[in-house]
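Letter by letter, the chains look like this.
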Amino acid sequence: THTSDILRILTLWRYTGTYLDLDVVLRKRIDSIGTNFACVQKDTLINSAVSNLDSLLGRQVAEKIFEEIIVSFNPRGWTDNGPGILTKVLRAMCNSTDIYKMNREACQGFSVLPPPVCFAIDHSEWKKFFEEEFEKEVMEKIKDSFVVHLWNVLSGWLKLSTKTKAAYLDIARESCPEVYKVIG
């Protein structure tokens, strides 16, 4: 986990562009968001599972993250070295503890996107993607999302029949129709 957190920022620093975790499904064109962004996962945490850094401001943000990693790396904390440090750096850069007020104006051109854009379903509710009783609720919550994070670290072991009426299969059918057809 820590290696992934550090390598994604290093890769974005080196090459710039957009990073998406492998368990993220793209639902809308993300290039319309612009550059230099990350998403609120929950009220106190900004997650880099969906993020973008450009060659100017983005690289400056990445360098601040590296400086903070050197000072406060925690090998025992799951989110400490990725989302935790990103949140800390952006709080300082945006001069705010309220992550919902971190917009391009407040953050020198960096934007922190609200949960519905990337994390409409929090990791604590990951099972809702796979349970029939929550299909409509999940699809309603993600209707305006640019991406859907499926929390593979929690759900990767799960087997699901394509006959199940679950939001996960609706998302696959809509966003990955060719793959869905192959699965049958």
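Everything that follows concerns the structure shown earlier in this document.
This one's a predicted model, so the numbers in the text were calculated from it and none came from an experiment. All residue numbers refer to positions counted from 1 along the written sequence of the respective chain. Only residues with pLDDT of at least 70 get local features here, since the model is predicted, and only at 80 or more are side-chain atom pairs given and counted; chain-wide, interface and lining totals rely on the full set of residues. Processing note: side-chain calculations cover all non-hydrogen atoms of the structure and skip hydrogens and water entirely.

So what's going on with the overall build of the chain? Which residues, and what values?
A count of helical and extended segments in the chain gives eight helices and six strands. A helix here means a DSSP run of H or I that spans at least four residues, while a strand means a run of E at least two residues long, and both kinds are numbered starting from the N terminus. Ordered by position from the N terminus, the helices and strands of the chain form the series α-β-β-β-β-α-α-β-α-α-β-α-α-α. What the globule rule says is 2.2 Å times the number of residues to the power 0.38, and the radius of gyration is computed from C-alpha atoms. Compactness check: the chain gives a C-alpha radius of gyration of 17 Å against a globular reference of 16 Å for 184 residues, within 12% of the reference. By principal-axis analysis of the C-alpha atoms, the chain measures approximately 50 × 35 × 30 Å. The cut-offs for exposure are 20% and 50% of the maximum accessible area for each residue type, with area from a 1.4 Å probe on protein chains only; residues under the lower value are buried, those over the upper are exposed, and the others partly exposed. Buried residues in the chain amount to 45% of all 184 residues. Put simply, of all contacts in the chain between residues at least 6 apart along the chain, 67% involve residues at least 24 apart. Accessible surface is estimated by sampling points in the Shrake-Rupley manner with a 1.4 Å probe; for residues, cover comes only from the protein chains shown. Surface exposure of the chain reaches about 10100 Å², of which carbon and sulfur atoms provide 55%. Here Asp and Glu are counted as negative and Lys and Arg as positive; His is not counted, and neither are the chain ends. Note on charges: their place is set at NZ of Lys, CZ of Arg, CG of Asp or CD of Glu. Taken together, the 23 basic and 24 acidic charged side chains of the chain have centroids lying 2 Å from each other. Two residues qualify as a contact provided that any one of their heavy atoms is within 4.5 Å of a heavy atom in the partner residue.

Can you explain the sheet that holds strand E4 (residues 45–53)? Please cite residues and give values.
As summarised here, the arrangement of the four strands in space is E1-E4-E3-E5, forming an open sheet in which the pairing is mixed. Two strands in the sheet have a free side with no partner beyond their single neighbour: strand E1 (17–20) and strand E5 (111–113). Recorded for the sheet is a direction-independent mean angle of 35° between the axes of neighbouring strands. To get an axis, a line is fitted to the C-alpha atoms, and for a helix only the part in contact is used. The angle between two axes follows their N-to-C directions and goes from 0 to 180 degrees. Its contacts with the sheet place helix H1 (residues 2–15) against E1 and E4, and it is angled at close to 160° to E1. Two strands are said to pair when DSSP picks up at least two bridges between them.

Residue-level account of the pairing of strand E3 (residues 37–42), with values.
Most of E3 is tucked away, with five of its six residues classed as buried. Pairing of E3 with E4 involves four bridges; the strand directions are antiparallel. Looking at E4, one finds that Phe37 is bridged to Asn52. Taken together, the three bridges between E3 and E5 define a ladder with parallel strand orientation. Bridged to Phe37 within E5 is Ser111.

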